Amino acid sequence: MSTSDAPTPRRVRVHHLQAAKERGERLTMLTAYDAVTARIFDDAGVDMLLVGDSIGNTMHGYRTTLPVTLDEIVVAARAVAGAARRAFVVADLPFGTYEAGPEQALASGVRVMKETGVSAVKLEGGQRSVPQIRALTQAGIPVVAHLGYTPQSENALGGPRVQGRGHAAEQISEDALAVTEAGAVAIVLEMVPAPVAARVTEVVRVPTIGIGAGAQCDGQVLVWVDMAGMGDWSPRFAKRFGEVGAALSSAAKDYVDEVRSGTFPESSHTFDA
């Protein structure tokens, strides 16, 4: 948000997100799961940090996001929120922590807010999640909604597939309007056709954050390991802005070689008696 003449906020808050949309400024969001990367991204000027349930398949080795627990999110979110000095930190409510209804969602949301220090929670689903969003909002907990491809429902959706094509486009718009009316402060649109995402961005009053949803969203989010090139493969919608994985592998190999050859540690790395 620092690209305009408007002053950069010391701490990004809900009203700054709305102001960015109104000024036509692009919002930036990355996932973060620990204090080290959170501080790096925060210092780089990233507006929003998402402690996503993608921690399951990126950090914990799960095949999907479904096994992620609220305990795991709380630990990661506490680290990220503690490290971030400017970014608006959002924590996912993982599968099984809000689907039962508003009471369960509120209990999960209250725990996350009390124990982590994040600024908002995120949950998946459109009209089916409206009661949960409304309950959280009324309790003073900002909510980011998530529409399109929703990974927690991947078994029902048949895997990671583009959502909102053809007649389903209208449903995406209806869901977006419904979650906005319920109080959502922003909407993540994942794997939605670009024209559909552009239409949603036009009709809702809150910022849209795209991931595989085209350039007309109010902002963009990527899973940080995809953005930084940590693996051999990245999704089609993810640009590799670096090759951090290759650099880390090279550093580790150099370390192994020097330890085994006896060239590390040198005298400069040791202490005198």
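Residues numbered from 1 in each chain as written. Predicted model: local features only at pLDDT ≥ 70, side-chain atom pairs only at ≥ 80, totals over all residues. Heavy atoms only, no water.

By the naming in an unreviewed UniProt entry, the protein is 3-methyl-2-oxobutanoate hydroxymethyltransferase, taken from Cellulomonas flavigena. Note on the protein: under the UniProt heading Pathway (unreviewed entry), the record states "Cofactor biosynthesis; (R)-pantothenate biosynthesis; (R)-pantoate from 3-methyl-2-oxobutanoate: step 1/2." Quoted straight from UniProt, the Function (unreviewed entry) entry for the protein says "Catalyzes the reversible reaction in which hydroxymethyl group from 5,10-methylenetetrahydrofolate is transferred onto alpha-ketoisovalerate to form ketopantoate." (UniProt positions renumbered as here; feature names shortened; annotations may be inferred.)

One can read the domain layout of the protein as domain 1 (14-242) and domain 2 (244-272). Each of domain 1 and domain 2 was reduced to a C-alpha centroid, and the two centroids are 39 Å apart. Every contact between the two is made by four residues of domain 1 and, on the other side, four residues of domain 2. Taking both sides of the interface into account, the surface hidden between domain 1 and domain 2 amounts to around 250 Å²; carbon and sulfur atoms contribute 69%. Considering only the surface of domain 1 that becomes buried against domain 2, Ala228, Gly229 and Met230 emerge as the three largest contributors, covering 84% of it. Linking domain 1 with domain 2 are zero salt bridges. Class assignment of the residues belonging to the side of domain 1 that touches domain 2 gives a composition of two nonpolar, two polar and no charged. (Domains from an automatic or database assignment. Contact = heavy atoms within 4.5 Å. Buried area = accessible area lost by both parts, 1.4 Å probe. Salt bridge = Lys/Arg side-chain N within 4 Å of Asp/Glu carboxyl O. Nonpolar A, V, L, I, M, F, W, Y, C, P; charged D, E, K, R; others polar.)

Mapped onto the present numbering, the UniProt feature "binding site: Mg(2+)" (unreviewed entry) falls on Asp53, Asp92 and Glu124. Look at the named residues: they lie 72 residues apart in sequence, but the longest C-alpha span between them is just 11.1 Å, so in the fold they bunch up. Residue class for Asp53 comes out buried when judged on its relative accessible area of 5%. Setting aside its immediate chain neighbours within four residues, Asp53 contacts Thr65, Val68, Ile73, Asp92, Pro94, Glu124 and Gln152. Position of Glu124 among the secondary structure elements: in strand 4 (residues 120-124). Owing to a relative accessible area of 2%, Glu124 belongs among the buried residues under this scheme. Contact partners of Glu124, with chain neighbours within four places excluded, come to Asp53, Tyr98, Ser129, His146, Thr150, Pro151, Gln152 and Ser153. (Buried < 20%, exposed > 50% of the residue type's maximum accessible area, 1.4 Å probe, protein only. Helix = DSSP H or I, 4+ residues; strand = E, 2+ residues; numbered from the N terminus.)

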